[in-house]
Amino acid sequence: MSAGVEFPPATDLRAARARVGGVVAEVVGQAVRDAGAAGVVLMDDGSPEASLAAEWCALGVGADAVWRVPRPRPEEARTCIAAFEAEAEETASAVEEAHRFRCRLVAATRGALVAHPANRTVLLLAPPPPPEPLLPLGDLYASQVAALAGEWTGPPALERLAHAVGGISVLDAALHAWLEERRPFEAVVESLGAEAAAEVRRAFETGRFWRRRAGLVPKLGSRTLGIDLFG
Amino acid sequence: MTGSTLRLAVYQFAPELGRVEENARRIADAAASSGADLVLTPELSLTGYGIGDDAGALGISLDAGGALPTALRGSPDVVVGLVDLGQDGVPYNAAVHVRDGGVLFRHRKVYLPTYGMFDEGRFFGRGARVEAYEPGGGWRAAVLICEDFWHPALMYLAAIQGVHLLMIQAAAPGRGAWTGGADGSRFRTSEAWTRIAQTTAHIYGIYVALANRVGAEDGVVFGGDSLIVAPTGDVLARAPSEGEVVIQAELSLAEVARARRPFAHTRDEDPRLVHRMLTEILEGRP
């Protein structure tokens, strides 16, 4: 992708936030009703995008039916990890699993659905995607989330890839051109450079199995995970 | 519907999935309070859209005298969307004009989208006809369902049967909320529906009414933006992109005639030429 690509496309961010937030809220509200749940437990990693997801979930089910569950503190995570898998190291993924366990416990107590604030770029390129049943931001690219929330978060490998190609908006523009606009991979992603293209291809292929079993993503664009994007 | 004017209402509705009697009751209530002669509702308004393989269980065997929901018995005329369980045992996605609790007219959806996010071909049989009918007062009307409206040949078939009013039922998902529509609508996809409706109305000199649903099912939010378009192509009434609402317009046969008068498109239309050319094309003759 050549430099100068503008992604996300220029738009009135305030209006976009209202429109997109309304759609996400409607889907979350309907999902909670369909599941007979009492609300939403949000895996809150303290990021701005978690706050955005919390805001939109609250719009759908009411603020008092959204429980933001923070990451366990290091000593809590250490205790949890050691209790269940003595050989496990205190890696980022182990801490995330401890966080997940905590959320599931809260959800079981409250009768709620668990939501994860992962964005679309993470779901596409950082497999496996989170297994939570609700992915409220899952059809927004990282750079769209950054435009709305101020920043985006992703695993270090994805951050390195974005940095290597000139920024997350360049990476997202290429993904958008390839997936939404159905332009040939060779024409858009390979223009990021051979190494980056290989990394995108590898991550995308690795995630194929998981994308077929993803949680509910509110449909915003033309190819949504679990609705019309499976492969 | 006894005179040359017709008060048409479009009920932009969010049915509850699988709750036929409840949906029928809400439609009947809206129809009664609208004061309209005829109320158009969205695709599968009695069942909800994503019924999957419950289609058979939710179907009504119209040809075998299957009863419509009791709530519709005292209702003003309504065009509802339901599953018509054929005598062949096949469920059809159908639009039914209900009058006095019975069936005045039925259209079975011809084009079942089975691509992208759509899966209708797995669950429904395909309709085989586009017919006009007479709801009264000298009016001729036809009904198409959602994807049918993206096949211009079906609009043509309705038009050459002399319709004054083409009603479209839809369960069209909203997409493109990031940018929104250029006309200020919530979804970018609404623009295309509006363009097709206005173009169809203008070309054939007919009223076009579109009832799209709202609400959410399985991650999809339906796009609303229901509308009623005059034979001049002008929008007479338009619903917002979200929320249940009834929109209305007074339709008149005189307006149909007036809109056609400056042109001769409808008068000069030559279906025999189309028939001859289609025959040649389909039979591979030059």
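Calculation criteria
- Residues numbered from 1 in each chain as written.
- Chains lettered and ligands numbered in written order.
- Predicted model: local features only at pLDDT ≥ 70, side-chain atom pairs only at ≥ 80, totals over all residues.
- Heavy atoms only, no water.
- Helix = DSSP H or I, 4+ residues; strand = E, 2+ residues; numbered from the N terminus.
- Rg over C-alpha atoms; globule rule 2.2 N^0.38 Å.
- Buried < 20%, exposed > 50% of the residue type's maximum accessible area, 1.4 Å probe, protein only.
- Contact = heavy atoms within 4.5 Å.
- Areas by Shrake-Rupley, 256 points an atom, 1.4 Å probe, with all protein chains shown as cover.
- Lys, Arg positive; Asp, Glu negative; His and termini not counted.
- Charge placed at Lys NZ, Arg CZ, Asp CG, Glu CD.
- Salt bridge = Lys/Arg side-chain N within 4 Å of Asp/Glu carboxyl O.
- Pairing = 2+ DSSP bridges.

**Side note on the overall build of chain A**
Alright, step 1. Regarding its fold elements, chain A presents 11 helices and three strands.
Alright, step 2. For chain A, the sequential pattern of α-helices and β-strands runs α-β-α-β-α-α-β-α-α-α-α-α-α-α.
Alright, step 3. A compact globule built from 231 residues should have a C-alpha radius of gyration of about 17 Å, and chain A, at 18 Å, falls within 12% of that.
Alright, step 4. Principal-axis analysis of the C-alpha atoms places the extent of chain A at approximately 50 × 45 × 30 Å.
Alright, step 5. Expressed as a percentage of the 231 residues in chain A, the buried residues total 51%.
Alright, step 6. Long-range pairs, those at least 24 residues apart, make up 65% of the contacts in chain A between residues at least 6 apart in sequence.
Alright, step 7. Accessible area of chain A: about 10400 Å², with a carbon and sulfur share of 53%.
Alright, step 8. Of the charged side chains in chain A, 24 are positive and 30 negative; the average position of the first set lies 4 Å away from that of the second.

**Here we look at the pattern of salt bridges**
All names here are of chain A.
Alright, step 1. Tallied over the full model, the rule gives 36 salt bridges over all chains.
Alright, step 2. With its nearest N and O atoms 2.8 Å apart, the salt bridge here joins R120 to E180. Of this pair, R120 sits in helix α5 (residues 120-125) while E180 sits in the loop between α8 (168-179) and α9 (185-188), and the two are 60 residues apart along the sequence. Taken as a pair, R120 and E180 share a single burial class, namely buried.
Alright, step 3. Linked through salt bridges whose partners overlap, the residues forming this network are R73, E75, E76 and R102.

**Examining the pairing of strand β7 (residues 139-145) of chain B**
Two faces make up the sheet, and in a regular strand the side chains alternate between them.
All names here are of chain B.
Alright, step 1. Extensive coverage of β7 is indicated by the burial of six of its seven residues.
Alright, step 2. Two strands pair when backbone bridges link them, and strand β6 (residues 133-136) and β7 are joined in this way by two bridges, in the antiparallel orientation. Each bridged residue has a counterpart across the sheet, and for G136 the counterpart in β7 is W139.
Alright, step 3. Between β6 and β7, which pair antiparallel and follow one another directly, the connecting turn spans two residues, one of which, G137, has a positive phi of 70 degrees.
Alright, step 4. Alignment of β7 against strand β8 (residues 165-170), held across five bridges, turns out to be parallel. Opposite L144, over in β8, you have I168 as the bridge partner.

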